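Per-entry structural report
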Amino acid sequence: METVHMDPSSVIPMTGFDDPVQGSQRVFRQVLDAMSHPGKIVRIQDLDDAPQPLNKSTAAICLSLVDFETPLWADSEIASNGEAMNYLRFHCGCPVTQDPMEARTALISDAAALTGFSRFSPGTDERPEMSTTLIVQVNALTQDGGLTLSGPGIETTRTLGVDGVSSAFWDAVRANNALFPRGVDLILSVDEHIVCLPRTTQVEG
Amino acid sequence: MSATETLEGYNFAYLDEQTKRMIRRAILKAVAVPGYQVPFGSREMPLPYGWGTGGIQITASVISADDTLKVIDQGADDTTNAVSIRRFFARTAGVDTTEKTEDASLIQTRHRIPERALKEGQILVYQVPIPEPLRWLEPRETETRKMHALEEYGIMHVKLYEDIARFGRIATAYDYPVLVNGRYLMRPSPIPKFDNPKMDNMPALQLFGAGREKRIYAVPPYTDVKSLDFDDHPFEVQKWDDCCALCGAEDSYLDEVVMDDKGRRMFVCSDTDYCEERRAQGHVGPLGTSPGTPQAAE
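All values reported here derive from a predicted model rather than from experimental measurement.

Residue and element names in this part refer to chain B. The 7 strands lie next to each other as E1-E9-E8-E5-E4-E2-E3, forming an open sheet whose pairing is mixed. The strands lining the two open edges of the sheet, one partner per strand, are strand E1 (38-39) and strand E3 (96-97). Examined bridge by bridge, strand E8 (residues 205-210) and strand E9 (residues 215-219) share 5 bridges and lie antiparallel to one another. Paired with Leu207 across the strands is Ala218, a residue of E9.

See below:
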């Protein structure tokens, strides 16, 4: 039998949480904080490193919440990267699907190209929780930006700035809000921070 | 209060990691669809259904070793259910526990909301026996699911109207139905309707767990929670002629305690922490004594 020599870095995935039990818990609580306070920038800091093109907070959320019950879809930049996909398969043990409609979690690294959510599952009127959760990697998040958010989880209004998405993205967010109770839920992520935009959040500006 | 000895041989907070992930995902979806009941794979817990297994599973999935946990049962910190659940998490998660509402980051409750207003960042976990508000009106899950999908809640208004026709007022005193964020009809669990106004625009996150019925639902912070009513029969909470016999509070929910077989009775705060805090501040009710001396009303 012929010996195949492979670069070890392509087969051995990068390490995950130092302590998977406490790491998963902390990341979940940070996501819960962000999801129950839409537009609030929340720090996620439990991974030292993540395989490109995944940023650290995207990787940490996957490690915390994705498993064999939740099919994962990734856009071509991530899906074509062997190291990133190997990492997700190894740590999460999740099925990887080619059909975004089937996905419970979708990873998007090319946020500028994301102009609509119709490819993803919005759930049904009877089972709105079956919708896809999108983790969208953006360039930057600022709390004092030009967007004004309101809805459950926000006392009056909250401002937010997002760099790296198209204007069509915000039209899609508004259309998604109008679908309620159906609709996707969004997690925008940068290196060590996230912002959640559940389907209930109204975005102006 | 210092944590009791932590148990060996169990995962952190008792539940296995896969179960926690499943529950955590359900909680996030519940927050995204306020008031909607998300089905989840409820596990068998080391205590019977009806003792708060739904609330315990949520607490186990949310809790960290840095949390400070308070558990109340009917407002009291020192009842069997509250004591055993508090001890369960002290032993399986090594958390600090407290009886002070203000100091708790996580509060698990059965049938009450603390009198002291909750703050942003706190999480209130309710134990829920029957999560479906329409269940006694329509027994079929397939039908109630459609009714929620179509926002078809006329049947609940008919029920409240029948109360008015029969008794002249809405007779529901606890587990009083609410509309969350103007969309989903929700059971607030069997809290007295006295507590319903506290749910509206509460700064804390409210999570609800029904273990036997396998449902999780949530009310995010600052969310509209409206008790159902009619224009000519507006929602009202119950009032008492008495004040708390121990601390003199006139703004808290009172329990009636029978004193003897001669018909003597007293009213005391159901929220024990609130009552103790008031007494420590020097408030004294008609049967109370000043702090430091033994209770006269034994």
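Along the chain, the position of A:Thr133 falls in strand E4 (residues 133-137). We classify A:Thr133 as buried; its relative accessible area is 16%. Those residues in contact with A:Thr133 that lie beyond four places of it in its chain are A:Arg104, A:Thr105, A:Ala106, A:Asp185, A:Ile187 and B:Lys29.

The subject of this paragraph is the interface of chain B and chain A. With 37 residues of chain B at the interface, the matching set in chain A holds 38 residues. A combined buried area of about 3200 Å² lies between chain B and chain A, and 62% of that area is made up of carbon and sulfur atoms. In this structure, A:Glu69 engages B:Arg25 in a salt bridge whose closest nitrogen and oxygen atoms are separated by 2.9 Å. For the interface between chain B and chain A, the tally reads 17 residue pairs in polar contact (both at pLDDT 80 or more).

Attention now goes to the pairing of E9(B). On a regular strand, one side chain projects to one face of the sheet and the next to the other, so that they alternate. All names here are of chain B. The buried count for E9 comes to 5 of 5 residues, which makes it a mostly enclosed element. Here E9 shows two buried faces, one formed by Arg215, Tyr217 and Val219 and the other by Ile216 and Ala218. Sheet topology note: the E1/E9 ladder contains 2 bridges and is antiparallel. Looking at E9, one finds that Val38 is bridged to Ile216. Once E8 ends, the chain turns through 4 residues before running back antiparallel as E9, passing Lys214 with a positive phi of about 60°.

Scoring rules and cut-offs
Residues numbered from 1 in each chain as written. Chains lettered and ligands numbered in written order. Predicted model: local features only at pLDDT ≥ 70, side-chain atom pairs only at ≥ 80, totals over all residues. Heavy atoms only, no water. Pairing = 2+ DSSP bridges. Helix = DSSP H or I, 4+ residues; strand = E, 2+ residues; numbered from the N terminus. Buried < 20%, exposed > 50% of the residue type's maximum accessible area, 1.4 Å probe, protein only. Contact = heavy atoms within 4.5 Å. Buried area = accessible area lost by both parts, 1.4 Å probe. Salt bridge = Lys/Arg side-chain N within 4 Å of Asp/Glu carboxyl O. Polar contact = N/O pair within 3.5 Å; in protein donor to acceptor, adjacent residues only side chain to side chain.

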